[in-house]
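Summary of structural features
Residue strings, one per chain:
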Amino acid sequence: MTEIVICDADRGDLEYTLQLLQEILSGYKRDYHIRSFVSAAELLETAKKIHIAILDISLGAMNGIELGEKVKARCPGAEIIYITSYEQYCLQAINKVHAYSFLCKPVEKKELEKQVLGLLEHGNKCNEEREKVFEKILDSQGKEYPFLKLRLEDILYFEYIKTTRRAAIIMEKETYEYPCVMEKLAGELEDYGFAVTCRGNLINLRHVVKIRGYEIYMDNGGVLPLSQKRVADVKKKLKDFLNNNI
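Owing to the predicted nature of the structure, the values given are computational and were not obtained by experimental measurement.

Moving on, we get to unusual backbone geometry. Residue Pro 106 is bonded to the preceding Lys 105 through a cis peptide linkage, with omega at -5°. Within the element layout of this structure, Pro 106 appears in the loop between strand 5 (101–104) and helix 5 (109–129). One non-glycine residue with positive phi stands out, namely Lys 136, at about 50°. Judged by relative accessible area, which is 52%, Lys 136 ranks as exposed.

Here the focus is the sheet that holds strand 15 (residues 223–225). Pairing within the open sheet is antiparallel, and its three strands lie in the order 13-14-15. Looking at the sheet topology across the chains shown, the edges are occupied by strand 13 (208–212) and strand 15. Averaged over all pairs of adjacent strands, the angle between their axes in this sheet comes to 25°, without regard to strand direction. Summarising the sheet, strand 13 and strand 14 (residues 215–218) pair through four bridges and their orientation is antiparallel. Residue pairing across strands places Lys 210 opposite Tyr 217, the latter belonging to strand 14.

All told, the structure shown has twelve salt bridges when counted by the stated rule. A salt bridge links Lys 105 to Asp 8; its shortest N-O distance comes to 3.0 Å. Of this pair, Lys 105 sits in the loop between strand 5 and helix 5 while Asp 8 sits in the loop between strand 1 (2–7) and helix 1 (11–24), placing them 97 residues apart in sequence. The class of Asp 8 is buried, set by a relative accessible area of 0%.

The next point concerns the confidence of the model for the chain. Predicted confidence across the chain gives a mean pLDDT of 86, with 89% of residues reaching 70 or more. The low-confidence segment residues 93–97 (pLDDT under 50) makes 15 contacts with residues lying over four places distant or belonging to another chain.

Moving on, we get to the packing of aromatic side chains. For the structure shown, the criterion picks out four aromatic pairs. Seen from their ring centres, Tyr 82 and Phe 102 are 5.9 Å apart, and the 20° between their planes marks the pair as stacked. Taken together, the residues Tyr 82 in strand 4 (residues 79–84) and Phe 102 in strand 5 connect sequence positions 20 residues apart. On the basis of relative accessible area, Phe 102 is assigned to the partly exposed category, the value being 23%. When the centroid spacing of 5.9 Å and the interplanar angle of 55° are considered together, the rings of Phe 158 and Phe 194 count as tilted. Of this pair, Phe 158 sits in strand 8 (residues 155–161) while Phe 194 sits in strand 11 (residues 194–198); the two residues are 36 residues apart in sequence, bridging distant segments of the chain. This pair shows no difference in class: Phe 158 is buried, exactly as Phe 194 is. Grouping aromatic residues by their ring pairs yields a cluster made of Phe 134, Phe 158, Tyr 178 and Phe 194. Note that Lys 132 overlies the ring of Phe 134, its terminal NZ or CZ placed 5.5 Å from the centroid.

A few words on helix 3 (residues 64–74). Of the residues making up helix 3, those classed as buried are Gly 64, Ile 65, Leu 67, Gly 68, Val 71 and Lys 72. Each buried residue of helix 3 lies within a common arc of 155° when the element is viewed along its axis, so the set occupies one face.

The subject of this paragraph is the environment of Val 234. Topologically, Val 234 is positioned in helix 7 (residues 231–245). According to the relative accessible area criterion, Val 234 is buried, its value standing at 1%. Apart from residues no more than four positions distant in its own chain, Val 234 is found in contact with Val 196, Thr 197, Ile 211, Ile 216 and Leu 226.

Analysis parameters
- Residues numbered from 1 in each chain as written.
- Predicted model: local features only at pLDDT ≥ 70, side-chain atom pairs only at ≥ 80, totals over all residues.
- Heavy atoms only, no water.
- Helix = DSSP H or I, 4+ residues; strand = E, 2+ residues; numbered from the N terminus.
- Buried < 20%, exposed > 50% of the residue type's maximum accessible area, 1.4 Å probe, protein only.
- Pairing = 2+ DSSP bridges.
- Axes fitted to C-alpha atoms, helices over the stretch in contact; angles between N-to-C directions.
- Salt bridge = Lys/Arg side-chain N within 4 Å of Asp/Glu carboxyl O.
- pLDDT = per-residue confidence, 0-100.
- Contact = heavy atoms within 4.5 Å.
- Phe/Tyr/Trp six-rings, centres within 6.5 Å; stacked < 30°, edge-to-face > 60°.
- Lys NZ or Arg CZ within 6 Å of the ring centre and 35° of its normal.
- Arc of directions from axis to C-beta.

Written out as structure tokens, the structure is:
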């Protein structure tokens, strides 16, 4: 599901943009979810997964550019569209956040439609490229599938089950198991933002909130172990991942 957020301190402008977006997506065939916020703090407290963020630059205590940085830190793959009455902020946002585009107020429906649908089309192509087929896979009810295609973005981490020589695929709402050689899997996914954190665990760096000591805090509320000998390597990989995706 595509998660879209809108943040604008002006309630009138917020409702107007929300209405336009709902009209634009009314015929969109894929699942999407839109949430609207009047403050940066409210958005950051509530939205844990973001694919597209439509942000006003003038928000108050935390401006839209600062909010965009925090959104990209939490969700490196998120794309940002800024709406603003102040064009002089555009260059700053390009340099700091790598915004996808800018729209001047009052927002025109045709321009918003062009930008949003362009992002959704691009996102669909990227998702197709970032999917992996798993063979002989079991779901949490024990049902076996000859093969199943999963989006890498949706996988929180893999955990090796030594007794069965299988790996558990941990996702937010489902867990799967399949026959696996962890060293081979880690090599295949290294370029897609995954890192080995301890013997038998391969995590998705895009779901890491923070590292504290020998523990990794994930965006689903889970806490995973980090072996002492891998601390420096995992921190470096996380830093590199964020730098390359923000």
